[in-house]
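# Structural description and commentary
What follows is each chain in one-letter form.
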Amino acid sequence: LAKTTQPISMDSYEGQEVNITCSHNNIATNDYITWYQQFPSQGPRFIIQGYKTKVTNEVASLFIPADRKSSTLSLPRVSLSDTAVYYCLVGGYNKLIFGAGTRLAVHP
Amino acid sequence: GAGVSQSPSNKVTEKGKDVELRCDPISGHTALYWYRQSLGQGLEFLIYFQGNSAPDKSGLPSDRFSAERTGGSVSTLTIQRTQQEDSAVYLCASSIWGGDRGTSSGNTIYFGEGSWLTVV
């Protein structure tokens, strides 16, 4: 299973763009990259998934360079409600191991 | 149901008692996962079921923990002789696909709201 490394925490302000980068140096050829969001007292929620280049949905964008050894979750114009823990997962064909995640705090 | 359903949502039990936590996955999902999350901590993998294959139990912390999945659907996580350190939220998740490479999309898992266990 590919190990992931993310910053432990980040701070931002309302209206700013937030980019969270995840390193996954030993990603396998068939591995996908998936990001989850978790609010306090709730289970993680799927945000976005990609294999290469760029993926965009109504919530976020995911940028994956050609070597796929890292990925960046981009949250445009964050609000207070985006305060949460964000997890990067690689693989997903069997058991999924979550890292510590990145605690994002959005300030007024 | 539309999502992963877990019960009970909250459970307070005395040290030494056994508890059972239930997970009802999304209909049609072949893979089922159990995780544990202590307050302020990350998700700890416990066990993974995929179809009729033998479950991956590598994350179970001790032999007091066991899980089964009946009929490829509902799963029960049992904790025997509970200890205070077992207090946590137990999260169940399911996915429609897992264990086979080479398909056109990755594996997305969907979580329930968790069962909050407090051992007193």
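Report follows, based on the coordinates. These numbers were taken from a predicted model, which means no experiment stands behind them. (Residues numbered from 1 in each chain as written. Chains lettered and ligands numbered in written order. Predicted model: local features only at pLDDT ≥ 70, side-chain atom pairs only at ≥ 80, totals over all residues. Heavy atoms only, no water.)

## Quick look at the overall build of chain B
Counting secondary structure elements, chain B contains 0 helices and 10 strands. Helices (α) and strands (β) of chain B occur, in sequence order from the N terminus, as β-β-β-β-β-β-β-β-β-β. For 120 residues, the compact-globule estimate of 2.2 N^0.38 gives 14 Å, and the C-alpha radius of gyration of chain B, at 14 Å, lies within 12% of that figure. Within the span of chain B, comprising 120 residues, buried residues form 48% of the whole. Long-range contacts, defined as pairs at least 24 residues apart, comprise 57% of the intrachain contacts of chain B with a sequence gap of at least 6. Summed over its atoms, the accessible surface of chain B is roughly 5,800 Å², and 45% of this surface lies on carbon and sulfur atoms. Charged side chains in chain B number 10 positive and 12 negative. The centres of these two groups are separated by 2 Å. (Helix = DSSP H or I, 4+ residues; strand = E, 2+ residues; numbered from the N terminus. Rg over C-alpha atoms; globule rule 2.2 N^0.38 Å. Buried < 20%, exposed > 50% of the residue type's maximum accessible area, 1.4 Å probe, protein only. Contact = heavy atoms within 4.5 Å. Areas by Shrake-Rupley, 256 points an atom, 1.4 Å probe, with all protein chains shown as cover. Lys, Arg positive; Asp, Glu negative; His and termini not counted. Charge placed at Lys NZ, Arg CZ, Asp CG, Glu CD.)

## Some points on unusual backbone geometry
When glycine is set aside, most residues are seen to have a negative phi, and most peptide bonds are trans. A cis amide bond links B:Ser7 with the next residue in sequence, B:Pro8, at an omega value of -10 degrees. Inspection of the secondary structure puts B:Pro8 in the loop between strand 1 (5-7) and strand 2 (10-13). We note that A:Thr53 has phi near 55 degrees; this positive angle belongs to a residue other than glycine. Structurally, A:Thr53 is set in strand 5 (residues 53-56). With a relative accessible area of 53%, A:Thr53 lands in the exposed category. Positive phi is not limited to glycine here, since B:Arg81 has a value of about 45 degrees. Along the chain, B:Arg81 falls in the loop between strand 7 (75-79) and strand 8 (88-95).

## Structural notes on the pairing of strand 8 (residues 84-91) of chain A
All names here are of chain A. Burial analysis of strand 8 places 8 of its 8 residues in the buried class, the great majority of the element. Sheet topology places strand 8 next to strand 9 (residues 102-107); 3 bridges connect them, and they run antiparallel. In the strand pairing of strand 9, Tyr86 is matched with Thr102. (Pairing = 2+ DSSP bridges.)

## Quick word on the side chain of A:Thr4
Here A:Thr4 lies in the segment before strand 1 (9-13). Leave out the neighbours within four places in its chain, and A:Thr4 touches A:Cys22, A:Ser23, A:His24, A:Cys88 and A:Val90.

## Topic: the pairing of strand 3 (residues 19-24) of chain B
All names here are of chain B. The alternating pattern of strand 3 places Val19, Leu21 and Cys23 on a buried face and Glu20, Arg22 and Asp24 on a face that is not buried. Bridge count for strand 1 against strand 3 is 3 bridges, and the pairing is antiparallel. Looking across to strand 3, one finds that Ser7 is bridged to Arg22. Where strand 3 meets strand 7, 5 bridges bridge the pair, whose relative direction is antiparallel. Within strand 7, the position partnered with Val19 by the bridge is Ile79.

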